[in-house]
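Structure assessment
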Amino acid sequence: MAVKENIMTKLIILGSGIAAVQAAQAARAQDPDIQIDLYSSDTELPYYRLRLFELLVNPQQTAMLSIHPASWYDERQIRLHLGVTATAVNTDAQTVILSTGHEARYDELIVATGSRSMVPPIPGNALEGVCTLWTMQDALDIESRLREVTRAVTAGYPGPVPGAEEYVADARQGAGG
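All of the points below concern the structure found in this document. Since the model is a prediction, treat every value here as computed from it, not as a measurement.

1. Here's the deal with the overall build of the protein
Counting its secondary structure elements, the protein contains five helices and seven strands. Order of helices (α) and strands (β) in the protein, N terminus to C terminus: β-α-β-α-α-β-β-β-β-β-α-α. The buried share of the protein, reckoned over its 177 residues, is 31%. Long-range contacts, defined here as pairs at least 24 residues apart, represent 58% of the contacts in the protein between residues at least 6 apart. Of the roughly 11,300 Å² of accessible surface on the protein, 54% is carried by carbon and sulfur atoms.

2. As for the pattern of salt bridges
Tallied over the full model, the rule gives six salt bridges. A salt bridge links Asp 37 to Arg 79, with the nearest nitrogen and oxygen atoms 2.8 Å apart. Linking Asp 37 in strand E2 (residues 35-40) with Arg 79 in strand E3 (residues 78-82), this pair joins segments that are 42 residues apart in sequence. On the basis of relative accessible area, Asp 37 is assigned to the buried category, the value being 0%. A salt bridge links Arg 105 to Asp 107; the shortest N-O distance between them is 2.9 Å.

3. Some points on the nonpolar core
Counting residues in hydrophobic clusters, the biggest one holds 15 residues, and the most contacted among them are Leu 11, Ile 13, Ala 24, Ile 36, Leu 38, Tyr 73 and Ile 78. For this core, the secondary-structure elements that each account for two or more residues are strand E1 (10-14), helix H1 (18-30), E2 and helix H3 (70-75). The biggest single contributor to this core is H1, with five residues. In this structure, Val 84, Val 96, Ala 104 and Tyr 106 belong to the second largest nonpolar core, which totals eight residues.

4. Looking at unusual backbone geometry
Positive phi, close to 50°, is recorded for Gln 77, a residue that is not glycine. Inspection of the secondary structure puts Gln 77 in the loop between H3 and E3. With relative accessibility at 56%, the residue Gln 77 sits in the exposed group. The backbone phi angle of Gln 94 is positive, close to 55°, even though this residue is not glycine. Note on placement: Gln 94 falls in the loop between strand E4 (86-90) and strand E5 (95-98).

5. Some details on the sheet that holds strand E6 (residues 103-105)
The strand order across the open sheet built from three strands is E4-E5-E6, with neighbouring strands paired in antiparallel fashion. In the strand order of this sheet, the two ends are held by E4 and E6, each with one partner. On average, adjacent strands in this sheet sit at an angle of 25° to one another, irrespective of strand direction. As paired elements, E5 and E6 share three bridges and run antiparallel to each other. Paired with Val 96 across the bridge in E6 is Ala 104.

6. Looking at the sheet that holds strand E7 (residues 108-111)
Spatially, the four strands line up as an open sheet ordered E3-E2-E1-E7, and their pairing is parallel. Looking at strand neighbours, the two that pair on one side only are E3 and E7, the edges of this open sheet. Ignoring strand direction, the axes of neighbouring strands in this sheet form an average angle of 15°.

7. Section: helix H4 (residues 136-146)
Taken residue by residue, H4 has Met 136, Ala 139, Ile 142, Glu 143 and Leu 146 as its buried positions. Angular distribution of buried residues about the axis of H4 spans 125°; they occupy a single face of the element.

What counts as what
Residues numbered from 1 in each chain as written. Predicted model: local features only at pLDDT ≥ 70, side-chain atom pairs only at ≥ 80, totals over all residues. Heavy atoms only, no water. Helix = DSSP H or I, 4+ residues; strand = E, 2+ residues; numbered from the N terminus. Buried < 20%, exposed > 50% of the residue type's maximum accessible area, 1.4 Å probe, protein only. Contact = heavy atoms within 4.5 Å. Areas by Shrake-Rupley, 256 points an atom, 1.4 Å probe, with all protein chains shown as cover. Salt bridge = Lys/Arg side-chain N within 4 Å of Asp/Glu carboxyl O. Core = buried A, V, L, I, M, F, W, Y, C linked by side-chain atoms within 4.5 Å. Pairing = 2+ DSSP bridges. Axes fitted to C-alpha atoms, helices over the stretch in contact; angles between N-to-C directions. Arc of directions from axis to C-beta.

Without other data, these values stay purely geometric and don't point to any function.
What follows is the structure, encoded as structure tokens:
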């Protein structure tokens, strides 16, 4: 009788938004033995992007935006690689080349990198003070800038970002503006 060799499957997830975290959670639920590595360009724990405006009023609440605490990932044996991005994927060799220069092998790959902020191609879009709000660091940088300005304009696509004006006004008031 042949003995079946137990080979662990390795899953690499690129991205750290809600889709990436849900994919890791679903993979763990489906296979308790799978090795899961999640790579993110962000240096913070995965967080809710849609709540970044809250940091404009209270930049100290960064931890409150985390999807899960670090212990949640540890308990589920989901290895987080924060501040590490994929620079290339070789599907033939089933490897990912990382920004660290290392190469990671995978059996399964999920690319859940989401989208990026886009500044429309309009005159003045590269002027000092034109910012996008996409990462936690963007929010903290904007909050810092709000302390120094007397006026701010918000725009979103395809229209104004719901609640943005209120957050900017609240942040300005907190800064004595």
